Amino acid sequence: MRDDVGDEGRSGLAFDDCFKGRYVKYGSHQIDESPYSMHLSSTHGNPNCARWVDYRWVPQASCPAQLHSGFGHGAYYDVCSWLSGHHILFVGDSVTNQMFVSLLLLSGFSGGKKRLAGMWAFGEAMVCNRSARIRFERSDFLNLAGEPPTPNIHGKPQSGYSHLRSWSLLQEYDTAVLNTGVHLQQQSALRDRVHSLAKVFAALPSNVTLVWRTTVPGHDNCSAATEPLTNKYVPLPKGMYGWDRVEGQNTLIQSIFERIAPGRLRYLDAFALANTRADGHIVSKTKFMTTSDGRKVSYPVVDCLHYCMPGPVEIWNVLFTRLFLKSRRQQQKEGGKPDTRRLRRRPNLPYIFICPSYTFQRRQPRGAASSVNTGSVHTWASSRKVTPSHMH
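Just so we're clear, the structure is a prediction, and the values are computed from it rather than from any experiment.

Chemist: Looking at this structure, how should I read the overall build of the protein?
Modeler: Scanning the protein from terminus to terminus reveals 8 helices and 13 strands. For the protein, the residues scored as buried account for 54% of the 392 residues in total. Relative to all contacts within the protein whose residues are 6 or more apart in sequence, the contacts with residues 24 or more apart total 77%. Of the roughly 18200 Å² of accessible surface on the protein, 52% is carried by carbon and sulfur atoms.

Chemist: When you look at the environment of Gly-280 in this model, what are you seeing that I'm missing?
Modeler: Its location among the elements puts Gly-280 in the loop between helix H6 (270–274) and strand E11 (281–290). Judged by its relative accessible area of 28%, Gly-280 falls in the partly exposed class. Between the C-alpha atom of Gly-280 and that of Val-313, which follows or precedes it by 33 residues, the distance is 9.6 Å. Setting aside residues no more than four positions away along its own chain, Gly-280 makes contact with Tyr-307, Cys-308 and Pro-312.

Chemist: Can you help me understand the packing of aromatic side chains in this one?
Modeler: Both the distance between ring centres and the angle between the ring planes are used here to describe each pair of aromatic rings. Going through the model one piece at a time under the given rule, you end up with 12 aromatic pairs. On the basis of an interplanar angle of 90 degrees and a centroid distance of 6.0 Å, the ring pair of Trp-167 and Phe-201 is categorised as edge-to-face. With a gap of 34 residues between them, Trp-167 in the loop between strand E7 (157–158) and strand E8 (175–178) and Phe-201 in helix H4 (residues 187–203) connect regions that are remote in the sequence. Taking the centre distance of 5.0 Å and the plane angle of 25 degrees together, the rings of Tyr-241 and Trp-243 count as stacked. Among the aromatic residues, those joined into a cluster by ring pairs are Phe-90, Phe-100, Phe-136, Phe-320 and Phe-324. The positively charged end of Arg-56 is found above the aromatic ring belonging to Tyr-26, 3.8 Å away from the centroid. Directly above the ring of Trp-82 sits Arg-322, whose terminal nitrogen or CZ lies 4.3 Å from the centroid.

What counts, and at which threshold
Residues numbered from 1 in each chain as written. Predicted model: local features only at pLDDT ≥ 70, side-chain atom pairs only at ≥ 80, totals over all residues. Heavy atoms only, no water. Helix = DSSP H or I, 4+ residues; strand = E, 2+ residues; numbered from the N terminus. Buried < 20%, exposed > 50% of the residue type's maximum accessible area, 1.4 Å probe, protein only. Contact = heavy atoms within 4.5 Å. Areas by Shrake-Rupley, 256 points an atom, 1.4 Å probe, with all protein chains shown as cover. Phe/Tyr/Trp six-rings, centres within 6.5 Å; stacked < 30°, edge-to-face > 60°. Lys NZ or Arg CZ within 6 Å of the ring centre and 35° of its normal.

So far we have only geometry, and geometry alone does not tell us how the molecule works.
This is the structure in structure tokens:
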């Protein structure tokens, strides 16, 4: 435990037994054999992501039965059985966006690479035969758009992107998945942010389930990893990205939440799930920027934080859907009424109707009959076409 975590962070994280386990290799496949409905993610074309190695999470035996069922066949990646009837909101940074995109592709998205790439800031989709909806709102530090910059570890203003306009948006969804991101490292700034968030969350109606995804660090020297690590990964101390601070910050965050809003949040421990997954990272990518004189330039960067897709992030969604969402069968058994929350049309926001495609099989040949709508994106209010420019 780092000394700068403070007294609030010393209670430790009460992780569920489902986040204690091991990875088992189920197979190595071509990308078009993955459970995705299409294979045009943000990592498409990256040679480091040319194959998909299907490592599945085996939790401790004390974990609920739904995480042990379907391990040996395609139903392991069936998210629609749990998504049906739910309205899910993701709010966070680029890693949260990867979780959102992963869930999109597991539930049948087939709208094309440009439309998918356009969801880096926001996007919403009807999925699983229009029985559920999922939405992403970019907010790198869980701050509202227009708020002052957050200080970085050196006390200087740290710019982060936010498309989030109001916390009242959470009330339009039955479940929200949130995270402050890995780049918020100034300790007092993090503490202040989480204090304010806890007060916001405590005031929300109880019918909104709040799921906190713990922050994941990157892996030092990830290019050398070809399979999950056999021992616990410990980031190098005082590394340039501050990854060694993440575990203590996760502890601090939960401690503050449980003191100010006890029992209000549930925790998806992505930190534990990702710890040994030094493999599967993007490793290298090209970054584009515009210089002060207007020139567009590109340069290579090493990326040991984000993952190839498909990859380890799918496991986060497998656990998220099975642990925190009630399946349609459970809802019917308990006599619960369907959620009456509905999509509201917002300007320039794409609503995409998507049918499920979660069976573990090869893609159908182009032109073959399919229930998946591969046509134009349509708005909820009408069939007016939304051009790709609306997606940016």
